[in-house]
Amino acid sequence: MTEMIYEYDGSFEGFLCCVFESYAQKEVLTAIVGGEDPAITLFPVRTVETDPAHAARVLRRIAKCSPEALDLLRRGFLTCLPDREMHLYRMVRRLLEEGPGFLRDLADPELLPLRQAVRHLASEAHLLKGFVRFSELGGVLGGEIAPKNRVLPLLRGHFCARYREEKFFLYDRTHHEVLLYAAGRAEIRPLAHFRMAPPEEAEARYRLLWKRFYDTVAIRERYNPRCRRTQMPQRYWGTMTEFQGPEHFTARSSPAAVSAPGAPAGIPAPGTPPGSGPSGPGSAP
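On a predicted model such as this, the values are computed, not experimentally measured, just so you know. (Residues numbered from 1 in each chain as written. Predicted model: local features only at pLDDT ≥ 70, side-chain atom pairs only at ≥ 80, totals over all residues. Heavy atoms only, no water.)

Caption draft 1: Looking closely at the packing of helix α2 (residues 52-65) against helix α4 (residues 84-98). The geometry of α2 relative to α4 is characterised by a closest axis approach of 10 Å and an angle of 60° between their N-to-C directions. Looking at the two axes, α2 sits oblique to α4. Where α2 crosses over α4, the two elements pack in a sense that is left-handed. Seen from α2, the contacting residues are Arg61, Ile62 and Cys65; seen from α4, they are Val92, Leu95 and Leu96. Considered class by class, the residues forming the contact of α2 with α4 number five nonpolar, no polar and one charged. (Axes fitted to C-alpha atoms, helices over the stretch in contact; angles between N-to-C directions. Helix = DSSP H or I, 4+ residues; strand = E, 2+ residues; numbered from the N terminus. Parallel < 35°, antiparallel > 145°, perpendicular 65-115°, else oblique. Left-handed = near helix turned anticlockwise from the far one by under 90°. Contact = heavy atoms within 4.5 Å. Nonpolar A, V, L, I, M, F, W, Y, C, P; charged D, E, K, R; others polar.)

Here is the structure:
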C-alpha cells in the first residue's frame with residue numbers, strides 16, 4: 001500500500017472522507033493535515049475533497065461496528081489532542097480490522113491518549129457551564145469563552161435548555177466559532193472576527209453589582225489563592241466578569257468607567273491574567 005499525507009478542510013465530514021479515501025485508494029496515511037500547509041516531507045501529499053455521501057458511509061460502518069467507538073470518534077475530534085486526526089484514524093483502522101474488542105482495554109497504549117483527551121474535553125465543558133458569564137446586549141444575551149477544546153457542541157444542549165425563552169450567542173475566541181440560539185433553534189457557525197459591544201448603562205451597573213457581590217462574599221481570614229486557582233483555574237478568568245478591569249464596566253453612553261461600589265471587608269478579584277493559547281490535554285491551567 002502507498003504511504004500518503006492527506007490534506008482536508010478541517011471538518012468532521014472531511015476527516016471521514018480521508019478515512020474513506022485511504023481504503024478506496026489502498027493508501028496508508030502518515031499524516032492528516034487540516035487547513036494548514038504540511039511540513040516538508042518525502043511522502044506525497046493529496047487533497048481530499050469533502051463528500052457527504054462518503055462521510056455518511058464511513059459513519060454508518062463505524063456505528064454498526066461499535067456505538068462506543070462512534071462516540072469516542074465524535075468527541076475525540078473536538079479535542080485539542082496534538083495530531084488528533086492520526087489518533088482517530090488509527091482507532092478506526094483497528095476497529096474495522098480487529099473489531100471492537102480492543103475498546104474494552106482501558107490501558108491500551110494507542111487509545112490512552114485519546115481517552116485522556118476526551119476526559120479533558122468533558123471536564124472543560126463541565127467547568128464552563130458554571131464559568132460562562134452572559135451580558136444583556138439590546139435584548140440578546142452574549143458571552144465569550146476561550147477554551148482549549150471545541151466545547152460549543154457539548155455546551156449547546158445545556159444553555160439552550162437553560163435559556164429556552166431567550167436569544168443568546170456564545171463566542172469561542174480560540175476556535176473562532178459562535179453558538180447562536182433563537183426561537184428554539186441553535187446553530188454553530190464559524191466567525192473569524194468578533195468584538196463584544198460595550199454595555200449599556202443598565203448592563204454596566206449589573207456587571208458592577210456582580211463584581212461587588214463577588215468581592216463582598218469573600219472571607220479575608222480564609223483567603224487561599226491556591227485553593228481558588230484549583231476550584232476556578234486561572235485560564236478561565238479572562239472571560240469572567242468578576243476578574244475584569246475598569247474598561248469592562250464602561251457604559252456605551254459614558255466616556256469613563258462607572259466607579260465600582262466599595263466592599264470594605266471583601267477581597268477584590270485580581271486583574272485579568274495574560275491569555276494562553278490551546279495546549280495539550282492534561283497541561284497545567
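From this point, things continue past the structure.
Caption draft 2: Geometry of the pattern of salt bridges. For the coordinates displayed, the defined rule picks out 17 salt bridges. Residue Arg94 pairs with Asp108 through a salt bridge whose shortest N-O separation is 3.1 Å. Residue Arg94 is located in helix α4, and its partner Asp108 is located in the loop between α4 and α5 (112-131); the two are separated by 14 residues in the primary sequence. For Glu177, the salt bridge goes to Arg150, with nearest N and O atoms at 3.1 Å. (Salt bridge = Lys/Arg side-chain N within 4 Å of Asp/Glu carboxyl O.)

Caption draft 3: Inspection of the sheet that holds strand β4 (residues 135-137) at higher detail. Overall, mixed pairing links the five strands, which are arranged β4-β5-β6-β7-β8 in an open sheet. Taken across any chain shown, the strands that pair with only one partner, and hence form the sheet edges, are β4 and β8 (185-190). Neighbouring strand axes in the sheet, compared pairwise and without regard to direction, differ in orientation by 25° on average. (Pairing = 2+ DSSP bridges.)

Caption draft 4: Seen up close, the confidence of the model for the protein. When pLDDT is averaged across the protein, the result is 87; 86% of the residues are at 70 or more. Counted against residues more than four places away or in other chains, residues 256-269, with its pLDDT under 50, gives 33 contacts. Confidence over residues 272-280 falls short of pLDDT 50; this stretch has 13 contacts with residues more than four positions distant or in other chains. (pLDDT = per-residue confidence, 0-100.)

Caption draft 5: Molecular detail of unusual backbone geometry. Even without being a glycine, Asp83 presents a positive backbone phi close to 55°. Positionally, Asp83 belongs in the loop between α3 (67-77) and α4. Backbone geometry places His176, a non-glycine residue, at a positive phi of 55°. In this fold, His176 is placed in the loop between β6 (168-172) and β7 (177-182).

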